[in-house]
Amino acid sequence: MQQYIDLFTQHKSRIEASCAPLLNQAREQAFETFRRTGFPAYRSEDYTHTDVPGLLQEDFGFYLNRPASSGAFPLAFHCQMLLQTAFSAYDVNGYFYSGEKNQPLPEGVFSGSLNVFAERYPELFSAYYHRLAMQEADGLAAFNTAFVQDGYVLYVPENVIIENPIQLTNLLIGNQRSLINRRLLLIFEPGAQAKVLVCNHTGNEQTAMAATQVCEIFAGKGSVVDFCEMEECSPQTIRLAAHYVRQESSSDVRIHAITLANGTTRNNYRVDLAGAHAELQLSGLTIADQRQRTDNYTVIHHQVPDCRSHELFQYLVEEQAIGAFSGRIIVAPGAQHTEAYQTNRNLLGSREARMYSKPQLEIYADDVKCSHGMSTGQIDETALFYMRSRGIPEAEARYLLKLAFTMDVLRGIRMEGLSDRLKWLVEKRFRGELIKCQGCI
Amino acid sequence: MLTIRNLHASVNGKEILKGIDLQVNARETHAIMGPNGSGKSTLSAVLVGHPAFEVTQGEAIFNGQNLLAMPPEERSCAGLFLSFQYPVEIPGVSMVNFMRTAVNEHRKYQGKEPLNAGEFLKLMKEKQALVELDKSLVNRSVNEGFSGGEKKRNEIFQMAMLEPRLAILDETDSGLDIDSLRIVAQGVNQLKRPDNATIVITHYQRLLDYIHPDVVHVLYNGRIIKTAGPELALELEEKGYDWLK
């Protein structure tokens, strides 16, 4: 950890040189938090299965000189996860680039670089940036805030609806082992509606790349927000991501965390249901084999009455892979008529595969409907035999059953065509084919 | 078609089948009756290769092939079919996908080209009518949310799709109301051909009013203790099994 403190102290001016003053304003305080807390300690209560200090112990290179131009994306690269997008954006090693053929978005919408947003909308920036992340003295979020140089912002003003999804493609590219820091800020004013798909890829299978990501989502009153993040990275990749969501009354938020291929992944989701009748669907699908690790840590905080949350996380863990799920649901005192349902289902495909699951419900109100269910097992042998008895070979039967297992999560996605596209990727994944989404590097 | 000699099988070390001998020829319908726990379902499970059962002795020759050495999927492709007593629900796997995969695996085994989507749907429509299976059911996941009767009809539908040489109906009548029973039995009768055969496992005479057996066997305590013509079923209905023990 000391090397990061030294790095910051020595190169602060270089980090700040190319960034908007407002972005730099949050840096010092975050650095102090990081200096005080360090990275979350391995085996501490919330980090039982991810050793953040260990993962980042070795030296990683940093990209400290932000490219002068944050213009159009320089590489010939077209991710085709979605047939129709309203806007495509790229984050390459922490720096924002706009897609080439973007059509104008509805008036008042901002979709672009964090630095540009800070300069053009200083009041909005100050009102939202780091507001959710700073509530917890989380060492990882503090680290990201101290070092981050750019990122992506989507701001959708009141009652503006963006029909087609916005796609952000995060790329980790390079031949040097590097640590990059990325920021997402998504602001939805009352009545706003938009869908965001985030795809994560690595360009080089051999190079170890680590990324921290802090994503803050503000869902205003009555807003409808879809946020789907897909990871398809090399086994050398480390992803440490923290998502903070605040939902105002009657907002409707759907989040999907899809981990198709990865190295070591830690996803934090903290959702505050802060206004009555807010509705949340938080889902995750992890497919892991080899020595992949995926650790999803979620906290859903029902702060007020009459909110609903549905949480569904499914893991398919094979070979020597490890999956972890922690699902904490807090129903605050007085948050009556809360409905909170949590399900975690896991399939283990080998004797060495491991799954750790921790449902954690803390209910401080008495008139609520809450449930949780967790199951970890193997492929249903009776179903397998039934299929074989009809002439379907065992390998094919297993494939069909695994595919069926993943559909529970995928069918909840509201972006048109995306669940089919993901299903197609999952099929390729199970057949052992390369699963680069078409056109991706 | 099927020759079983001195078949012994056990589950978890407990011997259930204690020396079965059975000969089934093409064109024939055999009924196997017997009290609960006599080994009827074990016999069918062993024949289709259920992994929970261990064959400790004996052999089963199916159209010249050593049945017991084949994996379940190969037994199916070779023409053996079991209508399950308790059909399995498979959430997330659609009937269409399930059946298309099965039919095309059978075709592959026979050296035929797979059916294309149009040909397959036509075949499915045709066979659905045979057992009066509701159209909406084939658009659902395999057996998921099907009623007891629908599950049994779905078994016979699958049988119609796969056209087996030897079909074993394991208590297909249990849990069926009288209309479903008639439809299921009619389906089975329509599928009869000179080159195929049927084994009906049942507790009751009732199903045999519709599917007429040529031979009736009584299985008791892991052995076939009596074999006779169809009149035996009527006698059992009247007297029970006690007089045979």
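The structure displayed is predicted, hence computed values, not measured ones.

Conventions we followed
Residues numbered from 1 in each chain as written. Chains lettered and ligands numbered in written order. Predicted model: local features only at pLDDT ≥ 70, side-chain atom pairs only at ≥ 80, totals over all residues. Helix = DSSP H or I, 4+ residues; strand = E, 2+ residues; numbered from the N terminus. Rg over C-alpha atoms; globule rule 2.2 N^0.38 Å. Buried ≥ 20, exposed ≤ 12 C-beta atoms within 10 Å, placed from the backbone. Contact = placed C-beta atoms within 7 Å. Expected span 1.5 Å × (residues − 1). Arc of directions from axis to C-beta. Pairing = 2+ DSSP bridges. Axes fitted to C-alpha atoms, helices over the stretch in contact; angles between N-to-C directions. Core = buried A, V, L, I, M, F, W, Y, C linked by C-beta atoms within 7 Å. pLDDT = per-residue confidence, 0-100. Parallel < 35°, antiparallel > 145°, perpendicular 65-115°, else oblique. Nonpolar A, V, L, I, M, F, W, Y, C, P; charged D, E, K, R; others polar.

(A) View of the overall build of chain B. Check the secondary structure of chain B and you find 7 helices and 12 strands. The globule rule puts the C-alpha radius of gyration for 245 residues at 18 Å, and the 18 Å found for chain B is close to it. The principal-axis extents of the C-alpha atoms in chain B amount to approximately 55 × 40 × 35 Å. Put simply, chain B has 245 residues, and 43% of those count as buried. For chain B, the proportion of contacts with a sequence separation of at least 24, taken over those separated by at least 6, is 70%.

(B) A look at the overall build of chain A. In terms of helices and strands, chain A carries 9 helices and 20 strands. Over its C-alpha trace chain A gives a radius of gyration of 21 Å, about what one expects of a compact globule, namely 22 Å for 441 residues. Structurally, chain A occupies a C-alpha span of about 70 × 55 × 45 Å along its principal axes. Looking at chain A as a whole, 52% of its 441 residues qualify as buried. By sequence separation, contacts in chain A at least 24 residues apart represent 84% of the contacts at least 6 residues apart.

(C) Structural context of helix 9 (residues 418–430) of chain A. Residue and element names in this part refer to chain A. Look at helix 9: 18 Å from first C-alpha to last across 13 residues, which is about the 18 Å you get at 1.5 Å a residue. If you check which residues of helix 9 are buried, you get Leu418, Arg421, Leu422, Leu425, Val426 and Arg429. Down the axis of helix 9, the smallest arc covering the buried residues is 140°, so these residues share one side. The secondary structure elements touched by the buried residues of helix 9 are strand 8 (193–202), strand 10 (224–232), strand 12 (252–261), strand 14 (279–288) and helix 8 (394–410). Once helix 9 ends, the next one or two residues include glycine 432, with phi positive near 75°.

(D) Looking closely at the interface of chain A and chain B. If you look at the interface, chain A gives 17 residues, while chain B gives 21 residues. Elements represented by at least two residues in the side of chain A that touches chain B include exactly helix 7 (381–388) and helix 8 of chain A. For the side of chain A that touches chain B, the element with the highest residue contribution is helix 8 of chain A, accounting for 7 residues.

(E) Structural view of the environment of A:Glu205. Residue and element names in this part refer to chain A. Examined against the element boundaries, glutamate 205 turns out to sit in the loop between strand 8 and strand 9 (209–219). Accessibility expressed as a C-beta count within 10 Å gives 10 for glutamate 205, which makes it exposed. Remark: the alpha-carbon pair of glutamate 205 and cysteine 233, spanning 28 residues in sequence, is separated by 8.2 Å.

(F) Main features of unusual backbone geometry. The phi torsion at A:Asn93 lies on the positive side, around 50°, for a residue other than glycine. Positive phi, close to 65°, is recorded for A:His130, a residue that is not glycine.

(G) Focus on the sheet that holds strand 1 (residues 2–11) of chain B. All names here are of chain B. Spatially, 2-1-4-5 is the arrangement adopted by the 4 strands of the open sheet, whose pairing is antiparallel. Of all the strands in the sheet, just strand 2 (14–24) and strand 5 (65–66) have a single pairing partner and so form its edges. Looking at chain direction, strand 1 and strand 4 (residues 54–62) are connected through 7 bridges and run antiparallel. Within strand 4, the position partnered with threonine 3 by the bridge is isoleucine 61. Packed on one face of the sheet, helix 1 (residues 40–48) meets strand 1, strand 2 and strand 4 and runs near 75° to strand 2.

(H) Layout of the nonpolar core. In this structure, A:Leu154, A:Phe188, A:Val196, A:Leu197 and B:Ile168 are the most contacted members of the largest nonpolar core, which totals 198 residues. Once residues lying within four places of it in the same chain are set aside, the contact partners of A:Val196 are A:Leu154, A:Pro165, A:Ile166, A:Leu168, A:Leu186, A:Asp226 and A:Phe227.

(I) Highlighting helix 3 (residues 95–109) of chain B. The end-to-end C-alpha separation of helix 3 of chain B is 21 Å, in line with the 21 Å expected for 15 residues at 1.5 Å each. When helix 3 of chain B is considered as a whole, its buried residues turn out to be B:Met95, B:Phe98, B:Met99, B:Thr101, B:Ala102, B:Val103, B:Glu105 and B:His106. Packed against the buried residues of helix 3 of chain B are helix 8 of chain A together with helix 2 (72–77), strand 7 (90–94), helix 4 (117–130), strand 8 (141–142) and helix 5 (148–162) of chain B. The first or second residue beyond helix 3 of chain B is B:Gly111, which carries a positive phi of 75°.

(J) Spatial organisation of the confidence of the model for chain B. Scored by pLDDT, chain B has a mean of 93; 100% of the residues are at 70 or more. Note on the complex model: pTM 0.89, ipTM 0.96.

(K) Spotlight on the sheet that holds strand 9 (residues 166–170) of chain B. All names here are of chain B. Reading across the sheet, the 6 strands line up as 6-9-10-3-11-12 and stay open at both edges, with mixed pairing between neighbours. The sheet is open, and its two borders are formed by strand 6 (80–83) and strand 12 (223–228), each paired with just one other strand. This sheet shows a mean twist of 20° between the axes of neighbouring strands, independent of strand direction. Where strand 9 meets strand 10 (residues 197–201), 5 bridges bridge the pair, whose relative direction is parallel. Opposite leucine 169, over in strand 10, you have valine 200 as the bridge partner. Those strands touched by helix 5 are strand 6 and strand 9, and its axis lies near 170° from that of strand 6.

(L) Region of the structure containing the pairing of strand 14 of chain A. All names here are of chain A. Of all 10 residues making up strand 14, 8 are buried, and the element is well covered by its neighbours. Two strands pair when backbone bridges link them, and strand 12 and strand 14 are joined in this way by 8 bridges, in the parallel orientation. The residue of strand 14 that forms the bridge with isoleucine 258 is leucine 285. Across 10 bridges, the pairing between strand 14 and strand 16 (residues 308–317) is parallel. Looking across to strand 16, one finds that leucine 282 is bridged to glutamate 311.

(M) Structural view of the packing of helix 5 of chain B against helix 6 (residues 178–190) of chain B. Residue and element names in this part refer to chain B. Contact geometry of helix 5 with helix 6 gives a least axis separation of 10 Å together with a crossing angle of 5°. When the axis of helix 5 is compared with that of helix 6, the two are roughly parallel. Along its contact with helix 5, which presents Gly149, Lys152, Arg153, Ile156 and Ala160, the element helix 6 presents Ser180, Ile183, Val184, Gly187 and Val188. Looking at side-chain class alone, the contact of helix 5 with helix 6 contains 5 nonpolar, 3 polar and 2 charged residues.

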